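Residues per chain are reported as follows:
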Amino acid sequence: MSNPQLKKLSYFPGCSLATTAKENDHSLHVFCEQHGIQLEELDDWNCCGSSSTHSIDHDLAVWLPTRNLALTPPDQQLLVACPSCYQRLKLAQMDLKKSEHSQKIYYEMWGRKFNPDLQIITFFDLLSDMVDEGMLKAQTGRLNEMRIAPYYGCMLSRPPSMRTEKNFHGFMEKVLVSMGATPLRWNNAVKCCGTFLSVSRPDIASRNVQAIIDEAESVKADCIVTACSMCHLNLEIRSKLPGKIPILHFSEILSLSSGIGSGMGWFQRHLIDPRPMLKSKRLIA
């Protein structure tokens, strides 16, 4: 029987969390459920197009994400875990709000009226509200002074049309300090990892990634923590292996600080095994 006290959110995982970043998806679900939040994945969601589609087909880039908006129940917020996916869905919603003609096409395509009041939120939006409500106080001090290099990547830097969006730079540091970690100051926290250039120009992506990894090593980080699953993939596959520094998703760190994660099977998916470091910090057995 479902718990009626659970807060329910519609959830769009996007392609990365459904494939290469399943540990991100799993740890996100576990963390949310532990705090009374149930994520209800959109039924039959589709790729938002991300950066690859809008670079070659403007119309497709607009209408791909709108189908996901149409699938969202009108009475729930829509949580989008990937920063790149968030931009595509949010920009599509913003464009629709400006055009009655586009709203008519939307209705003809998807058979339902456009909902201008749909709240599309990021994981940082959700987590910020949880912090404000004091929901994470029980996790204080559990990260045993881990030296963490927070990595935001470039997707939190919004395009001009989204300049009024809340800026979360510095938010990971605030949360990590409250959990007993030592977030490090470093120069590459917002350096682009190369994103989809990893496919078309791996030489550029590899150069960017190596600069990020090298600086994390120079500041003696125990690990790098990412805000984006695509960044996480690039930092692992484009670094010179065997890598010295584990790359963890922020949701994994949050789950560890909640006392969960050991035995979940997340860490065996990492190319750079984080388990020796986590065992040394007594975070897993």
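See the structure printed just above.
Note that this is a predicted model, so its numbers are computed, not measured. (Residues numbered from 1 in each chain as written. Predicted model: local features only at pLDDT ≥ 70, side-chain atom pairs only at ≥ 80, totals over all residues. Heavy atoms only, no water.)

Participant: Please clarify how the nonpolar core should be interpreted in this entry.
Facilitator: Nonpolar side chains in soluble globular proteins tend to end up buried together. Membership of the largest hydrophobic core comes to 86 residues, with the highest contact counts inside it found for Leu-127, Ile-224 and Phe-250. Looking at which element gives the most residues to this core, the answer is helix α5 (residues 83-98), with six residues. Ignoring anything within four residues of it in the chain, the contact list for Phe-250 reads Phe-123, Phe-124, Leu-127, Met-172, Val-175, Leu-176, Val-225 and Thr-226. (Core = buried A, V, L, I, M, F, W, Y, C linked by side-chain atoms within 4.5 Å. Buried < 20%, exposed > 50% of the residue type's maximum accessible area, 1.4 Å probe, protein only. Helix = DSSP H or I, 4+ residues; strand = E, 2+ residues; numbered from the N terminus. Contact = heavy atoms within 4.5 Å.)

Participant: Would you take a moment to explain unusual backbone geometry for this structure?
Facilitator: Comment: phi is negative for the bulk of residues other than glycine, and the bulk of peptide bonds are trans. The phi dihedral of Asn-144 falls on the positive side, at around 50°, and the residue is not glycine. Mapped onto the elements, Asn-144 comes out in the loop between α7 (123-132) and β5 (147-151). Overall, the relative accessible area of 32% leaves Asn-144 in the partly exposed class. In the Ramachandran plot, Arg-282 falls in the positive-phi region, its phi being about 60° despite a non-glycine side chain. Accessibility expressed as a relative area gives 71% for Arg-282, which makes it exposed.

Participant: Is there a simple way to explain the packing of α7 against helix α8 (residues 171-178) in this structure?
Facilitator: Two packed helices can be described by the angle between their axes and the distance between those axes. Where α7 contacts α8, the two axes come as close as 11 Å, and the packing angle between them is 40°. By the criterion of interaxial angle, the relationship of α7 to α8 is oblique. Between α7 and α8 lies a crossing whose hand is left-handed. Contacts between α7 and α8 involve Phe-124, Leu-127, Ser-128 and Val-131 from the former and Phe-171, Met-172, Lys-174 and Val-175 from the latter. Among the residues forming the contact of α7 with α8, the class breakdown is six nonpolar, one polar and one charged. (Axes fitted to C-alpha atoms, helices over the stretch in contact; angles between N-to-C directions. Parallel < 35°, antiparallel > 145°, perpendicular 65-115°, else oblique. Left-handed = near helix turned anticlockwise from the far one by under 90°. Nonpolar A, V, L, I, M, F, W, Y, C, P; charged D, E, K, R; others polar.)

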